[in-house]
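Notes for the structure review
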Amino acid sequence: MAAPARRRGLTVRPLNTLPVPVLTDDQVMIRRPEARDAATVLAGTRDPLVREFMQGVIPHQDLASAERWIAEVPPLLWAEGRAAYFSVALGDCPSVGWAELVDLRPAEAAAEAAVWLLPEARSMKVASSALRLVCRFGFEQLGLRRIDAYAAVDNMPVQVVGAYIGFRRAGFRSELFRSSRTQRLHDAVYATLVPEDLC
């Protein structure tokens, strides 16, 4: 078991020492990815907007491929302390999207957050709730002191969602990431969130 990382007197809990939680507000829930979410993962990896604005999204060939991925990859990355993946659901239903904490850097007490939703679930309310919940997990359960987020400069809805829950613009990165759909290099807005600013 990995030892907790210490930074300025703070302890960051290793991801692999925690169970996958269920977190919810009055509408949105984030929880462990389940086999019943395979259709969402399949659709998300094929969605043009998800593929345009997320890196490394490889479309699943079929439902069985998505089911295998859910069964194998999220638990492995959690156990290795590398990434926290959550399904985004509206109540006790199959998921409508995905939330994640990746690039976990315990020595910096930092990570990177991202959320995507299927077209029928895309709204300010659902997106901001899902992002808020995954950030709460990072701050309250892992003990992170900073969460980063990146958005393409031409992806204004994501920038608005981040600002709504407290992310502050911290910079601009030229040609930061490559579209999974078109291979186009996107310039990106870089924003950060600290626990005191989460709203």
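Data block above holds the structure.
So, here's what we can say about the structure.

Here is what the cut-offs are and how they apply
- Residues numbered from 1 in each chain as written.
- Predicted model: local features only at pLDDT ≥ 70, side-chain atom pairs only at ≥ 80, totals over all residues.
- Heavy atoms only, no water.
- Helix = DSSP H or I, 4+ residues; strand = E, 2+ residues; numbered from the N terminus.
- Buried < 20%, exposed > 50% of the residue type's maximum accessible area, 1.4 Å probe, protein only.
- Contact = heavy atoms within 4.5 Å.
- Phe/Tyr/Trp six-rings, centres within 6.5 Å; stacked < 30°, edge-to-face > 60°.

Brief notes about the environment of E34
- Structurally, E34 can be placed in the loop between β4 (29–31) and α1 (38–46).
- Here E34 falls in the partly exposed class, since its relative accessible area comes to 29%.
- For the pair E34 and F86, spaced 52 residues apart in sequence, the C-alpha to C-alpha distance is 9.4 Å.
- Apart from residues lying up to four places away in sequence, E34 is in contact with I70 and S87.

Concerning the side chain of T40
- Inspection of the secondary structure puts T40 in helix α1.
- A relative accessible area of 7% places T40 in the buried class.
- Beyond its immediate chain neighbours, meaning those up to four positions away, T40 contacts S95, V96, G97, W116 and L118.

Let's talk about the packing of aromatic side chains
- Applying the stated criterion across every chain, the model contains seven aromatic pairs.
- Where W78 meets F137, the ring centres are 5.7 Å apart and the plane angle is 35 degrees; that geometry is what we call tilted. With W78 in helix α3 (residues 63–79) and F137 in helix α4 (residues 124–142), the pair connects residues that are 59 residues apart, well separated along the chain.
- Between the aromatic rings of Y150 and Y190, the centroid separation amounts to 5.1 Å while the plane-to-plane angle is 20 degrees, which identifies the pairing as stacked. Highlighted residues: Y150 in strand β8 (residues 146–152) and Y190 in strand β10 (residues 185–193), separated in sequence by 40 residues.

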